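Understanding the architecture of this molecule
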Protein chains: 8
Amino acid sequence: MNKQETLNILEKIKAGTLSPEDALSKLCTEPFEDLEFAKVDHHRELRQGIPEVIYGSGKTAEQITGIVTAMLKKGQRLILITRLTPEIAKQVQIPALRYEPIAKIGIVGEIPKPSGIGKIVVATGGTSDMPVAEEAALTAEALGNEVVRLYDVGVAGIHRLLSKLDVIMNAQVIISIAGMEGALTSVMGGLADCPVIGVPTSVGYGASFGGVAALLSMLNSCASGVSVVNIDNGFGAGYLASIINHQRG
Amino acid sequence: MNKQETLNILEKIKAGTLSPEDALSKLCTEPFEDLEFAKVDHHRELRQGIPEVIYGSGKTAEQITGIVTAMLKKGQRLILITRLTPEIAKQVQIPALRYEPIAKIGIVGEIPKPSGIGKIVVATGGTSDMPVAEEAALTAEALGNEVVRLYDVGVAGIHRLLSKLDVIMNAQVIISIAGMEGALTSVMGGLADCPVIGVPTSVGYGASFGGVAALLSMLNSCASGVSVVNIDNGFGAGYLASIINHQRG
Amino acid sequence: MNKQETLNILEKIKAGTLSPEDALSKLCTEPFEDLEFAKVDHHRELRQGIPEVIYGSGKTAEQITGIVTAMLKKGQRLILITRLTPEIAKQVQIPALRYEPIAKIGIVGEIPKPSGIGKIVVATGGTSDMPVAEEAALTAEALGNEVVRLYDVGVAGIHRLLSKLDVIMNAQVIISIAGMEGALTSVMGGLADCPVIGVPTSVGYGASFGGVAALLSMLNSCASGVSVVNIDNGFGAGYLASIINHQRG
Amino acid sequence: MNKQETLNILEKIKAGTLSPEDALSKLCTEPFEDLEFAKVDHHRELRQGIPEVIYGSGKTAEQITGIVTAMLKKGQRLILITRLTPEIAKQVQIPALRYEPIAKIGIVGEIPKPSGIGKIVVATGGTSDMPVAEEAALTAEALGNEVVRLYDVGVAGIHRLLSKLDVIMNAQVIISIAGMEGALTSVMGGLADCPVIGVPTSVGYGASFGGVAALLSMLNSCASGVSVVNIDNGFGAGYLASIINHQRG
Amino acid sequence: MNKQETLNILEKIKAGTLSPEDALSKLCTEPFEDLEFAKVDHHRELRQGIPEVIYGSGKTAEQITGIVTAMLKKGQRLILITRLTPEIAKQVQIPALRYEPIAKIGIVGEIPKPSGIGKIVVATGGTSDMPVAEEAALTAEALGNEVVRLYDVGVAGIHRLLSKLDVIMNAQVIISIAGMEGALTSVMGGLADCPVIGVPTSVGYGASFGGVAALLSMLNSCASGVSVVNIDNGFGAGYLASIINHQRG
Amino acid sequence: MNKQETLNILEKIKAGTLSPEDALSKLCTEPFEDLEFAKVDHHRELRQGIPEVIYGSGKTAEQITGIVTAMLKKGQRLILITRLTPEIAKQVQIPALRYEPIAKIGIVGEIPKPSGIGKIVVATGGTSDMPVAEEAALTAEALGNEVVRLYDVGVAGIHRLLSKLDVIMNAQVIISIAGMEGALTSVMGGLADCPVIGVPTSVGYGASFGGVAALLSMLNSCASGVSVVNIDNGFGAGYLASIINHQRG
Amino acid sequence: MNKQETLNILEKIKAGTLSPEDALSKLCTEPFEDLEFAKVDHHRELRQGIPEVIYGSGKTAEQITGIVTAMLKKGQRLILITRLTPEIAKQVQIPALRYEPIAKIGIVGEIPKPSGIGKIVVATGGTSDMPVAEEAALTAEALGNEVVRLYDVGVAGIHRLLSKLDVIMNAQVIISIAGMEGALTSVMGGLADCPVIGVPTSVGYGASFGGVAALLSMLNSCASGVSVVNIDNGFGAGYLASIINHQRG
Amino acid sequence: MNKQETLNILEKIKAGTLSPEDALSKLCTEPFEDLEFAKVDHHRELRQGIPEVIYGSGKTAEQITGIVTAMLKKGQRLILITRLTPEIAKQVQIPALRYEPIAKIGIVGEIPKPSGIGKIVVATGGTSDMPVAEEAALTAEALGNEVVRLYDVGVAGIHRLLSKLDVIMNAQVIISIAGMEGALTSVMGGLADCPVIGVPTSVGYGASFGGVAALLSMLNSCASGVSVVNIDNGFGAGYLASIINHQRG
């Protein structure tokens with residue numbers, strides 16, 4: 001798939017050091033390790049310069065242990081396991097694993113020093129949005145970003161938000177996390193002039209419909225510079241924020 | 001249905017001035033005029049002290065003319081016809097009819113002087129919410145309220161809203177009208193300490209789903225003192241605001 | 001945010017008793033106590049004249065204990081904790097806490113004497129709507145209102161409702177609570193001439209969709225004076241009813 | 001399909017007057033006339049004792065003319081064409097066709113005298129529900145029923161409904177037609193002790209969602225004896241009411 | 001509410017044996033017993049000639065015991081408790097209570113002999129629809145009907161249904177119960193010429209959406225004579241079928 | 001993308017007749033003609049052995065003329081334009097274009113002789129489903145299949161369907177097209193032992209929701225061998241049926 | 001129902017060896033065994049040439065034991081029980097039962113040798129889709145097909161999919177299984193020229209709505225040759241794939 | 001609201017050149033021009049460094065003329081009017097207005113030279129997505145970005161997309177626009193390592209539900225770095241892409 005690699009292969013054919021049959025086989029070879037239950041991609045760090053992330057939901061402790069072990073063997077320095085329940089975390093056979101209970105993230109390896117352009121602000125409407133916020137914040141930190149947390153600043157008491165205007169004005173990217181009516185993201189989009197990533201949460205009851213009300217509210221935001229990820233997708237927001245915060249010409 | 005009236009009837013039976021059969025017939029008699037296509041209620045002004053309102057949608061000019069004529073005959077002083085299209089308005093055969101094109105309301109009779117406790121603030125998120133806002137404002141004025149209009153103060157530019165804080169703080173009731181994400185109502189609920197009536201509008205596109213996004217946003221508002229009426233229901237909001245503004249012990 | 005406070009600060013600058021830098025810092029200072037997991041707002045009682053209410057759902061016993069303790073230190077006389085499960089209630093370390101199991105509300109402090117204009121009627125369609133109704137009723141009582149309970153008066157047996165016509169006619173505000181088809185609120189709106197706050201409940205099965213059928217029914221009510229709060233939101237209805245019942249010029 | 005017919009065929013085989021091959025062919029022969037665009041069923045009146053009904057929606061004037069002509073040739077005495085627009089009605093080449101503009105029904109032949117057990121009451125919540133109501137009423141009349149119309153008796157003014165209690169109490173079947181919140185059907189079900197057929201209409205706006213709010217309201221009715229047909233399906237309600245009104249041991 | 005009773009009261013006033021004040025009080029008196037958590041209606045059997053039915057869902061064993069005891073005292077001969085879980089059933093303190101585990105119905109008193117015009121057929125698409133079917137069948141039997149059960153006759157194997165054509169042809173009313181795609185009801189409506197009551201069930205998975213697919217399928221049935229009750233509402237179907245089966249001129 | 005082509009390119013590199021740079025460029029070259037507004041794929045017939053199909057919806061007459069002309073130049077023998085309105089069809093500048101008004105399909109070139117294994121049966125529930133059915137039938141014929149049309153055989157009159165059992169039993173593939181409740185597909189799946197492709201149509205009103213009721217009904221079919229395509233997607237069904245009918249080892 | 005059987009019966013009548021009454025009874029006799037809770041169809045293998053499949057969901061161990069025993073007695077050689085939980089599987093009293101825990105399928109009898117035209121490819125987007133994939137794969141194998149498994153080839157890392165192009169190109173039928181956004185099926189449809197059966201899975205969170213997002217994505221696929229079965233319906237896909245893979249002239 | 005402005009005001013008070021009352025008034029003064037129907041914000045360009053954008057939908061030609069005139073007077077150099085119909089565009093009285101018919105954008109002033117870090121790629125699944133794509137592309141160009149258009153590269157023919165891999169790999173931001181199943185965005189997210197902004201379009205029919213299928217597909221994308229804006233919101237995507245492309249430390 002990679003342009004340079006393809007060119008290299010073609011050069012080798014020309015040089016006679018590779019037969020066409022082998023080349024085809026090489027071009028079609030899986031650049032990942034097949035663990036039967038999962039295909040571990042070992043080229044990813046090189047290709048995209050980022051740590052590996054395992055989506056833990058629905059995986060057994062054995063499967064996670066297997067994937068992490070394979071990654072460590074290949075020299076992966078930092079591994080994140082998201083959506084990891086405490087029960088599974090206890091059973092994973094990786095001594096170096098640290099577990100963050102609020103974010104439900106397992107970490108193997110050292111969090112790198114911040115390397116981004118500026119700061120990523122992670123803001124929440126309420127206290128109950130914290131698990132999603134910590135998933136976003138830890139992801140961003142693992143990807144080399146300085147993170148500022150701004151929790152419980154929902155619009156029902158807008159002075160709490162306005163008192164943090166300087167933090168908002170100085171952000172490089174804002175992750176705005178809210179359940180219920182999700183209005184925080186619209187207000188944030190109106191105040192800030194940097195990209196705002198809305199994360200609706202499933203916090204709420206009744207006509208919040210598991211995050212749909214907040215999702216629709218954010219999608220319909222009149223403020224410019226706002227985009228949205230899936231309900232409760234703290235990881236996706238942290239990842240995207242990091243890409244933006246590492247944008248360079 | 002009315003307690004005092006029932007008592008009066010019973011007294012007359014006792015006094016022999018009314019036979020039981022006539023009493024029963026009286027108790028079950030329609031206190032409204034049957035125009036075949038509609039049942040016109042002539043006791044309503046007495047019962048509830050308010051002008052008559054005709055829901056114009058789906059009625060022909062002939063039907064509206066008939067209903068208004070019947071009401072005028074019975075001495076009704078002020079009649080509102082909501083959801084009246086310009087085409088039908090032109091065909092209605094009532095010389096005294098005035099037509100308000102933005103609110104799509106027809107008025108027969110004089111708007112009374114304000115008699116409420118305080119002021120009703122009608123606020124909108126954007127310019128396109130004006131038809132619903134004017135329906136609410138005119139309804140409230142017809143019911144004897146002083147109305148303050150605060151249009152185009154959506155949260156995407158929150159300084160427009162904050163610059164009107166004194167108006168908001170001094171309101172007796174606030175009608176907060178918004179389409180798209182409807183965040184205005186949540187912010188309004190956080191700022192004000194009077195009842196806030198949210199009116200979602202069908203203004204918007206895509207995932208606004210004809211006002212559903214704004215409706216859900218308002219229903220999920222974390223701010224206290226907020227309640228909601230149907231999408232685009234300016235009349236309902238104006239009517240309710242008036243009742244609250246006329247509350248007395 | 002408060003006009004008078006801002007003016008005072010500006011006066012002090014002029015008088016030289018406050019530097020502009022300090023003023024700005026003061027203007028942007030948080031008027032709430034930051035408990036890390038929550039921002040406790042100590043100005044609220046003064047600002048809005050009401051007891052503090054903690055939304056208990058999703059909070060640990062430690063967090064609730066911490067917030068209540070901070071409030072009590074600041075002199076808060078009455079504290080409500082809504083959506084408090086019996087399990088968490090037992091673990092909260094506040095000796096003065098009383099727990100109402102049907103309403104799932106914890107109370108610290110004395111319920112004040114009624115100070116409203118009239119009576120708030122809390123009506124339900126069925127027996128199963130009682131938890132929501134008690135949340136509304138207790139909230140209203142805590143906010144200084146006389147409450148009349150009218151339970152199990154659904155429209156399937158309309159004589160039960162009609163036999164209470166005098167209570168309905170004399171209400172200052174009505175909170176009409178119903179699941180399933182929610183028709184009670186429409187009928188109530190047709191009978192009463194005071195504000196009617198509809199609370200759809202998640203009681204029901206099949207096509208009730210967790211309260212959506214009742215919610216839609218109430219939003220579409222043809223009766224005037226009706227507005228709606230979120231499904232199961234007894235607190236919101238009680239709070240709004242209290243504001244209306246304390247409306248004064 | 002018909003038991004007696006099958007037996008007759010089998011008897012003929014035994015008697016030797018019919019070969020097995022012919023019998024099989026007879027058993028599988030279409031008891032309808034194939035007009036290419038439609039299969040006209042000529043056995044239906046005999047089988048079910050009712051007039052033919054053509055669903056006019058989406059059919060051309062030519063197709064309707066063709067079907068009616070084929071039916072008349074076979075001796076059909078009464079034909080109804082539902083959902084017939086005025087434009088198509090004008091183009092249908094059947095001199096005997098009468099057109100009912102409110103019900104949008106075309107009729108060929110004489111409405112029979114009532115032959116049912118009792119009366120069918122057709123009630124509506126508002127004036128705008130009349131087209132659906134007339135479709136139901138005319139269908140019922142064409143099927144041999146006496147129909148009592150009770151229009152504009154919605155629950156927002158419940159005294160209009162209660163004043164007609166005697167009509168409701170004496171009905172054999174009630175067709176309860178309402179849009180918006182559809183509460184009429186629940187109240188009707190609570191008052192009457194005969195079958196109540198709810199017909200939600202698409203009348204309304206905003207969160208009425210083209211009749212869905214009324215449909216859900218009716219499906220969730222707590223009152224016993226209530227069932228529901230499709231939104232705006234006046235024909236289905238009239239047909240079912242007639243079957244019930246002709247039930248005999 | 002009752003015409004004759006009202007007349008009687010009025011006659012007594014005229015005769016001087018009742019004061020107007022007492023009459024009014026009598027007219028507005030509750031014809032039910034108030035158990036605080038429920039209003040028990042003791043006039044219902046007389047008024048509608050049927051046994052009492054308690055909706056057990058969400059009621060405690062104490063509440064059910066209380067209601068049944070109050071009913072027995074007043075002479076009620078047959079009591080049904082629907083949606084009664086086995087756990088609650090064991091705790092109810094009524095020695096005469098029999099519990100039907102599939103239908104989840106508790107019965108106190110004797111099932112009467114059939115008194116209807118004909119037979120009620122209860123048919124299901126699959127084995128898993130049996131709980132709803134038994135709720136319908138037992139309700140109908142308790143109300144004096146002969147019931148024929150026709151289970152597991154879904155359209156995926158249509159010969160199973162066709163082999164029972166004689167039963168279907170001879171039914172007075174058919175209750176057609178199906179989950180998944182609910183096609184049984186449409187086919188039944190096409191075969192039978194009696195009223196068909198469709199009951200969608202929540203049986204299914206994926207895009208069955210808890211019975212919504214079956215509900216929509218039944219509402220859209222092209223067959224005449226079909227109406228629908230709420231998802232899983234076996235009781236409602238049995239009750240309605242009984243009314244129809246007892247229709248008399 | 002094509003294995004053999006890739007191998008050929010690699011062989012040429014080895015033989016020195018192609019430089020690696022040119023090879024890469026060749027591997028990444030577009031095998032389609034870029035008309036700016038559309039990318040016309042000229043390899044498709046060779047790759048998949050089928051005529052070209054242009055999705056006409058939303059394309060101007062100029063765009064369609066351009067695409068067809070480009071295809072004809074490259075030697076394409078048969079071209080179908082689906083979803084072509086009569087207005088646009090008249091403006092397309094291709095003399096050889098024939099227009100089928102019911103199917104809304106434009107055809108350039110000759111329909112080939114049937115080359116499939118057996119017959120494709122296209123069945124509809126009602127007359128109004130014909131446009132979708134003709135789109136499916138014409139598509140299948142253009143792709144080399146013998147098609148048997150079986151229109152207006154909906155389950156409301158199941159004898160119409162059963163009388164065609166032999167046709168159904170002898171089909172190689174069945175396309176079952178129905179709106180409203182879509183039960184035809186389930187019944188068809190129960191009768192036939194070949195693949196049944198369900199096509200829900202948007203025919204219907206009220207709770208048919210533009211084909212959603214039929215779609216859900218078909219997705220939930222208990223009959224085996226049934227799969228579903230998008231609402232009104234006659235083309236997709238005809239295309240898939242043809243692939244199945246041309247399956248060979 | 002079966003043509004030949006009907007002819008045979010008719011011949012016997014003619015020959016006098018069967019009375020018409022007995023013939024009718026025979027024609028209407030159930031070709032299945034009635035176990036009270038289920039109707040076991042013993043003609044199915046003969047009629048459709050396939051093993052029996054019991055839908056285990058919602059059946060007790062006793063019911064399953066009963067059905068399997070009845071089938072074995074009649075000589076059924078291969079029986080599948082789908083949606084069988086491990087708990088129920090342990091309690092089923094059939095010694096020959098083997099249980100596949102990932103697919104949740106119980107098997108009695110020998111899996112036959114492949115008899116299809118080609119290979120069925122079962123592909124999944126992720127590891128968590130494996131239960132549905134195994135249900136499909138085992139079903140297809142039990143029905144006599146060679147199955148190639150291609151797991152965890154979702155489009156987020158499209159090189160994993162492209163590296164298997166040869167497998168895809170050589171498939172006779174492809175079952176494409178994916179949750180979340182379900183894009184795998186569209187891409188698969190674009191790559192392959194054989195029938196592609198999409199199976200949306202309920203794997204995902206937030207706005208995946210239990211498989212609805214994947215379902216809609218697959219239904220809207222622009223690629224030709226794609227059809228869809230119900231969410232998580234691995235059995236249905238495997239069954240349909242087998243029919244297609246056994247298509248013969 | 002602006003920190004520096006607030007500080008300046010406070011300094012002036014200290015210096016005695018501004019009275020506290022005037023300061024408060026200044027702090028609360030509207031930094032926008034009130035045109036009655038709209039509040040024109042003249043500080044925005046200074047504050048956020050971008051041209052003014054008028055949302056044209058629902059505005060009259062007079063209103064647009066008024067707003068543009070007011071902006072031009074204040075020296076605004078570039079003005080965009082989005083969602084401008086050709087009819088309204090003709091009536092706007094601004095000679096300098098240029099109208100782009102596909103994008104439905106009116107432009108006053110000169111498009112600036114690109115000033116961003118890299119290139120913004122605007123890709124579409126099909127030809128019909130072009131209006132949304134051009135809205136995005138023109139917006140991005142107006143905000144100073146170089147835009148590469150990549151139209152009609154949907155996943156049904158994935159070689160069209162893969163042949164443009166170099167363009168994708170070199171993008172700074174990708175705007176991925178697709179209707180129907182929206183799979184393009186997931187595939188794009190898997191290929192690229194820059195931010196991908198998904199724009200679902202309302203292009204499609206049947207179960208595309210006006211863009212909902214594409215929206216859900218994009219929200220559920222398994223690929224990292226993807227976020228989503230509202231259906232058809234080309235402007236929002238272009239605006240956000242520009243902010244990201246102008247990110248600097």
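Worth saying up front: this structure is predicted, and the values here are computed from it rather than measured.

Further remarks concern the overall build of chain A. Secondary structure summary: chain A contains 11 helices and 11 strands in total. Counting every position in chain A, which comprises 249 residues, the buried fraction comes to 63%. Of all intrachain contacts in chain A linking residues separated by at least 6 positions in sequence, the fraction that spans at least 24 positions is 66%. When the accessible area of chain A is evaluated, it comes to approximately 8,900 Å², of which 52% is carbon and sulfur surface.

What follows deals with the interface of chain A and chain H. With 32 residues of chain A at the interface, the matching set in chain H holds 32 residues. Summed over both partners, the interface of chain A with chain H comes to about 2,700 Å²; 59% of that surface belongs to carbon and sulfur atoms. The tally of links between chain A and chain H comes to 0 salt bridges. Summed over the shared surface of chain A and chain H, the number is 6 residue pairs in polar contact (both at pLDDT 80 or more). Of all elements in the fold, only α3 (44–48), α8 (165–169), α10 (212–219), β11 (226–228) and α11 (234–245) of chain A reach the threshold of two or more residues within the side of chain A that touches chain H. Of the residues assigned to the side of chain A that touches chain H, the class counts are 17 nonpolar, 9 polar and 6 charged.

So, about the relation of the copies chain A and chain H. Once chain A is rotated about the relating axis by 180° and shifted along it by 0.0 Å, it coincides with chain H to within an RMSD of 0.1 Å. Here the two chains are linked by the operation of a two-fold rotation axis. Relative to the rotation axis, the closest C-alpha in chain A is found at V228 of chain A, a distance of 2.5 Å. When the interface residues of chain A are mapped onto chain H, 100% of them are again interface residues, pointing to one common binding face.

The next point concerns the packing of aromatic side chains. Tallied over the full model, the rule gives 16 aromatic pairs over all chains. R83 of chain D extends its terminal NZ or CZ atom over the ring of Y205 of chain F, reaching a point 4.0 Å from the ring centre.

Here we come to the domain arrangement of chain A. Residue and element names in this part refer to chain A. For chain A, the assigned domains read domain 1 (1–30), domain 2 (31–108) and domain 3 (119–245). Across the contact, 13 residues belong to domain 2 and 12 residues belong to domain 3. With both sides pooled, the region where domain 2 packs onto domain 3 buries about 1,000 Å², and carbon together with sulfur makes up 73% of that total. In terms of surface lost to domain 3, no three residues of domain 2 exceed R83, I102 and A103, which account for 41% of the buried area on that side. When the shortest N-O distance is used, the salt bridge between R83 and E135 registers 3.3 Å. For the pair domain 2 and domain 3, the number of links is 2 residue pairs in polar contact (both at pLDDT 80 or more). When contributions to the side of domain 2 that touches domain 3 are tallied by element, the ones reaching two or more residues are α3 and β4 (79–82). Classifying every residue of the side of domain 2 that touches domain 3 gives 8 nonpolar, 2 polar and 3 charged.

About the criteria used
Residues numbered from 1 in each chain as written. Chains lettered and ligands numbered in written order. Predicted model: local features only at pLDDT ≥ 70, side-chain atom pairs only at ≥ 80, totals over all residues. Heavy atoms only, no water. Helix = DSSP H or I, 4+ residues; strand = E, 2+ residues; numbered from the N terminus. Buried < 20%, exposed > 50% of the residue type's maximum accessible area, 1.4 Å probe, protein only. Contact = heavy atoms within 4.5 Å. Areas by Shrake-Rupley, 256 points an atom, 1.4 Å probe, with all protein chains shown as cover. Buried area = accessible area lost by both parts, 1.4 Å probe. Salt bridge = Lys/Arg side-chain N within 4 Å of Asp/Glu carboxyl O. Polar contact = N/O pair within 3.5 Å; in protein donor to acceptor, adjacent residues only side chain to side chain. Nonpolar A, V, L, I, M, F, W, Y, C, P; charged D, E, K, R; others polar. Least-squares fit on C-alpha atoms with pLDDT ≥ 70 in both. Phe/Tyr/Trp six-rings, centres within 6.5 Å; stacked < 30°, edge-to-face > 60°. Lys NZ or Arg CZ within 6 Å of the ring centre and 35° of its normal. Domains from an automatic or database assignment.

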